[in-house]
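A closer look at the structure
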Amino acid sequence: MNVTVKVCGVTRIEDARGVWAAGADAMGLNFHPGSPRFVDVDTAAALSRTRPPLGAVVGVFVNAKPEDIRLRVRECGLTAVQLHGDEPPEACSGYGVPVIKALRVRGPEDVARARAYVGVGDVSGLLLDGAAPGYGGGGVTFDWSLVARLADCGAPVLVAGGLKPSNVAEAVKATRPYGVDVASGVESAPGIKDLDAVRAFVRTVRTLNLWVEGPP
């Protein structure tokens, strides 16, 4: 099984096309108004229309109202929802698409808390992020050795936080994740992708060609 690559925080059509052309599996669109990568409905819908047949478009939400999330799923053609705030397990269903629950990792207690979301509602995967100020996209890593504590949790695990072309191979070898998620590590400015960096990131992951199974 190859490691899945998600490029998050895309805001421009040319960047979306470049992300898909680089071979990314998924594109993340940020609907959190407090993010420098925020996109409005019209922009998000246009970005979503660049999706290739097997690509995924993931809407990122932070403590949003469920009815707003459902509306964005319909309006913007989202194929999955990423809940990146303080949402409890009971908030992880009812959107009509799979849910990825993101958790910011400061220590072992946060990884232990992630288990409470496994098998709940529509949760189809967990995303572990660094504990940057705000809610993600701050380029902060965490202790990758903690990921091994979820090896038997029964849910796919994605790793995010401070990843970039120069360290993603190390991260994948240390964690053997289902996928990796990158935002600031492939940007020239918040929301502006450096497509050379995107290509380098995807190429590095692809050359690893790891079979993801068991703890590292």
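Residues numbered from 1 in each chain as written. Predicted model: local features only at pLDDT ≥ 70, side-chain atom pairs only at ≥ 80, totals over all residues. Heavy atoms only, no water.

In the annotation of an unreviewed UniProt entry, the protein chain is listed under the name N-(5'-phosphoribosyl)anthranilate isomerase and assigned to Corallococcus terminator. Turning to the protein chain, the UniProt record has this under Catalytic activity (unreviewed entry): "N-(5-phospho-beta-D-ribosyl)anthranilate = 1-(2-carboxyphenylamino)-1-deoxy-D-ribulose 5-phosphate". The record held by UniProt for the protein chain lists under Pathway (unreviewed entry) the comment "Amino-acid biosynthesis; L-tryptophan biosynthesis; L-tryptophan from chorismate: step 3/5." (UniProt positions renumbered as here; feature names shortened; annotations may be inferred.)

On to unusual backbone geometry, then. Residues other than glycine predominantly adopt negative phi, and peptide bonds predominantly adopt the trans conformation. One non-glycine residue, Asn63, adopts positive backbone phi at about 50°. Inspection of the secondary structure puts Asn63 in the loop between strand E3 (56-61) and helix H3 (66-76). By relative accessible area, Asn63 is classed as partly exposed at 39%. The phi angle at Arg176 is positive, at roughly 45°, despite the residue not being glycine. By the secondary structure assignment, Arg176 is in the loop between helix H5 (168-175) and strand E8 (179-182). (Helix = DSSP H or I, 4+ residues; strand = E, 2+ residues; numbered from the N terminus. Buried < 20%, exposed > 50% of the residue type's maximum accessible area, 1.4 Å probe, protein only.)

Running from N to C, helix H2 (residues 41-48) and H3 point in directions that differ by 50°, and their axes come no closer than 9 Å. Considered as vectors, H2 and H3 are oriented oblique to each other. On the side of H2, the interface is formed by Val41, Ala44, Ala45 and Ser48, while H3 contributes Arg72, Glu75 and Cys76. (Axes fitted to C-alpha atoms, helices over the stretch in contact; angles between N-to-C directions. Parallel < 35°, antiparallel > 145°, perpendicular 65-115°, else oblique. Contact = heavy atoms within 4.5 Å.)

A word on the sheet that holds strand E7 (residues 157-159). Read around the closed barrel, eight strands run E1-E2-E3-E4-E5-E6-E7-E8, paired in parallel fashion. With strand direction ignored, the average angle separating the axes of adjacent strands in the sheet is 25°. Both strand E1 (residues 4-8) and strand E2 (residues 26-30) contribute to a ladder of three bridges, which runs parallel. Along E2, the bridge assignment pairs Lys6 with Ala26. (Pairing = 2+ DSSP bridges.)

Turning our eyes to something else, we now look at the pattern of salt bridges. Taken as a whole, this structure holds 12 salt bridges when the rule is applied. Residue Glu187 is joined to Arg37 by a salt bridge in which the shortest nitrogen-to-oxygen separation is 2.8 Å. With Glu187 in strand E9 (residues 187-189) and Arg37 in the loop between E2 and H2, the pair connects residues that are 150 residues apart, well separated along the chain. Overall, the relative accessible area of 16% leaves Glu187 in the buried class. Across the pair Arg113 and Asp110 runs a salt bridge, and its minimum N-O distance is 3.9 Å. Of this pair, Arg113 and Asp110 are both found in helix H4 (residues 108-114), three residues apart, which corresponds to roughly one turn of the helix. Judged by relative accessible area, Arg113 falls into the partly exposed class, the value being 40%. Look at Asp110 and you get buried, because its relative accessible area is 7%. Salt bridges linked by common partners bring Arg12, Glu14 and Asp15 together as one network. (Salt bridge = Lys/Arg side-chain N within 4 Å of Asp/Glu carboxyl O.)

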